[in-house]
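For reference, the chains in residue letters:
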Amino acid sequence: MKEVINFIESNNERYIGELKEFLRIPSISTLKDHKKDMMKGAKFVADKLKNAGMKNVKIIKTKGHPLVYADWLQAKGKPTVLIYGHYDVQPVDPIELWDTPPFEPTIRNGKIYARGATDDKGQMYMHIKSVEAFMKTVGKLPLNVKFIIEGEEEIGSDNLEEFVGKNKKLLKCDSVLISDTALYGPGIPTITYGLRGLSYMEVEVTGPNRDLHSGTFGGAVANPINVLAEMIAKLMDKNGKIKIPGFYDDVMKLTKLERDNFKRLKFSERKFAKELGVRELKGEKGFTTLERIWARPTLDCNGIIGGFTDKGAKTVLPSKALAKISMRLVPNQDPKKIAKLFTKYINEIAPRSVRVKVSDLHGAYPIVTPLNDKAAKAGAAAMSKAFGKKTVFMREGGSIPIVTTFAQKLKASPVLMGLGLNTEDLHSPNEHFDLNHFRLGIISSAYFFDEFAK
Ligand code: BES
Ligand code: MN
Ligand code: MN
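Everything quoted here is computed from the prediction, not taken from an experiment.

Comments concerning the coordination of the manganese ion (ligand 3)
Ideal geometry at a metal centre: 109.5 degrees between donors when four sit tetrahedrally, and 90 or 180 degrees when six sit octahedrally.
Okay, so step 1: Bound to the manganese ion (ligand 3) on the protein side are D119 (OD), E154 (OE), E154 (OE) and H427 (NE2), at distances that span 2.1 to 2.5 Å.
Okay, so step 2: Each of the six donor atoms bound to the manganese ion (ligand 3) contributes to angles spanning 56 to 154°, and the resulting shape is irregular.
Okay, so step 3: In primary sequence terms, the donor set of the manganese ion (ligand 3) follows D-x34-E-x272-H.
Okay, so step 4: For the pair the manganese ion (ligand 3) and the manganese ion (ligand 2), the metal-to-metal distance amounts to 3.6 Å, and D119 bridges them. With a gap of 273 residues between them, E154 in the loop between strand 6 (144-150) and helix 5 (158-166) and H427 in the loop between strand 15 (413-416) and strand 16 (432-434) connect regions that are remote in the sequence.

Quick look at the site of ligand 1
Okay, so step 1: Surrounding ligand 1, one finds 16 residues, the nearest of these being E153, D180, R328, S399 and H427.
Okay, so step 2: Here an oxygen atom of ligand 1 and a side-chain polar atom of E154 are 3.2 Å apart.
Okay, so step 3: Within the contact set of ligand 1, an oxygen atom lies 2.8 Å away from a side-chain nitrogen or oxygen of R328.
Okay, so step 4: Burial of ligand 1 by the protein amounts to 91% of the accessible area it has alone, namely 520 Å².

Topic: the coordination of the manganese ion (ligand 2)
Okay, so step 1: Listed as protein donors to the manganese ion (ligand 2) are H86 (NE2), D119 (OD), D180 (OD) and D180 (OD); their distances from the metal cover 2.0 to 2.4 Å.
Okay, so step 2: Classification of the site at the manganese ion (ligand 2) as irregular follows from its six donor atoms and the range of 56 to 168° in their angles at the metal.
Okay, so step 3: Counting gaps between the donor residues of the manganese ion (ligand 2) yields the pattern H-x32-D-x60-D.
Okay, so step 4: Judged by its relative accessible area of 12%, D180 falls in the buried class.

Comments concerning the sheet that holds strand 12 (residues 355-364)
Okay, so step 1: Strand order in the open sheet formed by four strands is 10-11-9-12, with antiparallel pairing between adjacent strands. The open sheet has two free edges, formed respectively by strand 10 (298-306) and strand 12, since each of these has just one partner strand. Taking the axes of each pair of neighbouring strands and ignoring which way they run, one obtains an average angle of 15° across the sheet.
Okay, so step 2: Strand direction decides the pairing type here: strand 9 (residues 197-206) and strand 12, joined by nine bridges, are antiparallel. Bridge pairing in strand 12 links V203 to V358.
Okay, so step 3: Packed on one face of the sheet, helix 6 (residues 224-233) meets strand 9, strand 10, strand 11 (320-329) and strand 12 and runs near 15° to strand 11.
Okay, so step 4: Across the sheet, helix 10 (residues 335-349) touches strand 9, strand 10, strand 11 and strand 12, and the angle it forms with strand 9 is around 25°.

A short note on the domain arrangement of the protein
Okay, so step 1: Examined at the domain level, the protein breaks down into domain 1 (2-195 + 366-453) and domain 2 (197-251 + 297-363).
Okay, so step 2: When each unit is reduced to the centre of its C-alpha atoms, the spacing between domain 1 and domain 2 is 36 Å.
Okay, so step 3: Contacts between domain 1 and domain 2 engage 11 residues on the former and nine residues on the latter.
Okay, so step 4: Taken over both partners, the interface formed by domain 1 and domain 2 buries close to 620 Å², and the fraction arising from carbon and sulfur atoms is 59%.
Okay, so step 5: The largest per-residue losses of area from domain 1 upon contact with domain 2 belong to P366, R395 and S399, which jointly make up 59% of the total buried on that side.
Okay, so step 6: If you look at where domain 1 meets domain 2, you find zero salt bridges.
Okay, so step 7: On inspection of domain 1 and its partner domain 2, the count reaches two residue pairs in polar contact (both at pLDDT 80 or more).
Okay, so step 8: Grouping the amino acids of the side of domain 1 that touches domain 2 by side-chain chemistry returns six nonpolar, four polar and one charged.

Thoughts on the nonpolar core
Okay, so step 1: Counting residues in each nonpolar core, the largest one holds 68 residues, and the members touching the most others are F147, F438 and F449.
Okay, so step 2: Looking at this core, the element that brings in the most residues is helix 13 (residues 435-453), giving 11 residues.
Okay, so step 3: Judged by nonpolar contacts, the second largest core, of 25 residues, contains V203, V205, A222 and L228.

Some points on the environment of M383
Okay, so step 1: Counting through the fold element by element, M383 comes out in helix 11 (residues 374-387).
Okay, so step 2: Using a relative accessible area of 0% as the deciding quantity, one classes M383 as buried.
Okay, so step 3: Put simply, M383 and G306 are 77 residues apart on the chain and 48 Å apart in space, counted from C-alpha to C-alpha.
Okay, so step 4: Excluding residues within four positions of it along the chain, M383 makes contact with L183, P189, T190, I191, G388, T391, M417, G418, L419 and S444.

Remarks on the packing of helix 11 against helix 13
Okay, so step 1: Interaxial distance between helix 11 and helix 13 falls to 8 Å at its minimum, and their mutual angle equals 135°. One finds that helix 11 runs oblique with respect to helix 13. For the pair helix 11 and helix 13, the sense of crossing is right-handed. Mapping the contact onto sequence places K374, A375, A378, G379, A381, A382, M383, K385, A386 and F387 in helix 11 and H437, L440, I443, S444, Y447, F448, D450, E451 and F452 in helix 13.
Okay, so step 2: Counted by class, the contact of helix 11 with helix 13 contains 12 nonpolar, three polar and four charged residues.

Some thoughts on the sheet that holds strand 16
Hydrogen bonds between backbone atoms are what pair the strands of a sheet, whose relative direction is either parallel or antiparallel.
Okay, so step 1: Across the sheet, which stays open at both edges, the three strands sit in the order 4-5-16 with antiparallel pairing between neighbours. Single-partner strands in this sheet number two, and they are strand 4 (106-108) and strand 16. Taking each pair of neighbouring strands and ignoring which way they run, the sheet shows an average axis angle of 25°.
Okay, so step 2: Looking at chain direction, strand 4 and strand 5 (residues 111-113) are connected through three bridges and run antiparallel. Within strand 5, the position partnered with R108 by the bridge is K111.

Thresholds applied
Position numbers for residues start from 1 in each chain and track the written sequence from start to end. The naming scheme follows written order: chains are lettered A onward, ligands numbered 1 onward. Restriction of local features to residues with pLDDT of at least 70 applies here, the model being predicted, together with a cutoff of 80 or more for giving and counting side-chain atom pairs; totals for whole chains, interfaces and linings are based on all residues. Side-chain metrics in this entry use all non-hydrogen atoms of the structure; hydrogen atoms and water are not considered. The donor set covers N, O and S atoms within 2.8 Å of the metal, switching to 3.2 Å for Na, K and Ca, and it leaves out water, so a site may look short of donors. Site shape is set this way: if four donors have all angles between 85 and 135 degrees, tetrahedral; if opposite donors are over 155 degrees apart and all others between 65 and 115, square planar for four donors and octahedral for six; otherwise irregular. Helix and strand definitions follow DSSP, with helices as H or I runs of at least four residues and strands as E runs of at least two, each counted in order from the N terminus. We call a residue near a given molecule or strand whenever any one of its heavy atoms falls within 4 Å of it. Pairs of N or O atoms within 3.5 Å make up the polar contacts considered here, provided that, within protein, one atom can donate a hydrogen while the other can accept it, and that residues adjacent in sequence are counted only when both atoms are side-chain atoms. Only the protein chains shown count as cover for residues, and all accessible areas are computed by the Shrake-Rupley method using a 1.4 Å probe. The classification of residues rests on relative accessible area computed with a 1.4 Å probe and restricted to protein chains. Under 20% of the type maximum is buried, over 50% is exposed, and intermediate values are partly exposed. Any two strands are treated as partners once DSSP identifies two or more bridges connecting them. Only the contacting stretch of a helix is used when fitting its axis, a line to C-alpha atoms as for every element, and angles between N-to-C directions run 0 to 180 degrees. Pairs of residues are marked as contacts when any of their non-hydrogen atoms sit within 4.5 Å. Delimitation of the domains relies on an automatic or database domain assignment. In this description, buried area is defined as the sum, over both parts, of the accessible area (probe of 1.4 Å) that is lost when the two are combined. Within this document, salt bridges are pairs made up of a side-chain nitrogen of Lys or Arg and a carboxyl oxygen of Asp or Glu, the two lying within 4 Å of each other. Here the term charged refers only to Asp, Glu, Lys and Arg, the term nonpolar to Ala, Val, Leu, Ile, Met, Phe, Trp, Tyr, Cys and Pro, and the term polar to all other amino acids, Gly among them. We call a set of buried residues a nonpolar core when its members are Ala, Val, Leu, Ile, Met, Phe, Trp, Tyr or Cys and they connect through side-chain atoms within 4.5 Å of each other. Oblique is the label for every angle not falling under 35 degrees (roughly parallel), over 145 degrees (roughly antiparallel), or within 65 to 115 degrees (roughly perpendicular). The hand of a helix crossing depends on one turn: near helix anticlockwise from the far one by less than a right angle means left-handed, and clockwise means right-handed.

See the structure below:
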């Protein structure tokens, strides 16, 4: 392992240069204008996999954005790890809040700033470099490796979902290694063993058949924005409990053991609040902040559109209002069932004075992975070696839709070896990735290959 690690340490500058090149590609999956950039992103990944020594590298077209597959299967009798990541990124708005342009990667204080730096280009790239390090030194990998890299994670992974279902043999593996989550804190090696699920809904409220003068008509008809606001207010009570009937039916209770484990992680509510610029934290009564983020379901309005929103004033009674609402789910909630319950409840509370349309935009299943599993243990051991510290275990509030599919369809246990930080502004302006964690991630990946091969 020594020569592999030395190779990684001495090639760090080159890795950063390559990552910059990757980050210059504006592969925003949700925006139609970026269709060509998505192919560019896929090509970049495929080229680098080839150069690293992977075989059978393929760009696979889908109904949406392309997938990239590669394998190296010459380690007879050794286990197979499937590495998953995504080359698509989130939109950049509000662009005016970026200190440097989102697709012109810039290094400040040992951190690289660009859209996709931590989510997920920087993290995914670590594994390509650890493969390369083995190939360029010992000339082979200690175990069999497959890569499946997608361009639609940020929009729900529908096409990869279908692909996994139809290609179970191709993707067959003993574990799935994913770096698309966060460390518990800077320099703390962390394995994430749980992800929340998601149900993402849209509610459209229509009142009168056109925008009206709010003087001549105000008082005569229901205002869709007012109605929507009232309906949103009815989704949650004062204690932060979600009022949709049946919503909590399948929620797995937190065990005493898990609550104790959460408590053992040092967490300062005060520091957390201060960093976010709020006077106090808020959430479901009866649970700590970590419990609320990691192990309890939530409901949040993500966006609201309606009426006149430009500068200045315009007196108008709008015809339409729209809200985007997400619910984060925990085992064993089912996003499809939750979407139905939500739709039913919204229709029940909608007044006759408006028409309401509810749409299910996308969802993800929640997951908790077993900790006594070989792959999880190899992941923890690998990170401990790389960081020179004991690995901690945590759950995560965010979602990665495909992870549950991997677990169910491939019957392989996922190892979430994330190297990001939740303070690295993923999905926000000034997204960045700590370059020391980037380096440690490549080393962790190399140690994982070594540990899991045993
Ligand atoms: N990498 C994130 C998930 C994540 C976020 C892990 C924060 C750890 C910390 C992933 O790219 C993501 O953003 N997922 C979406 C899923 C959705 C678009 C279906 C999410 O959680 O909102
Ligand atoms: Mn991600
Ligand atoms: Mn993301």
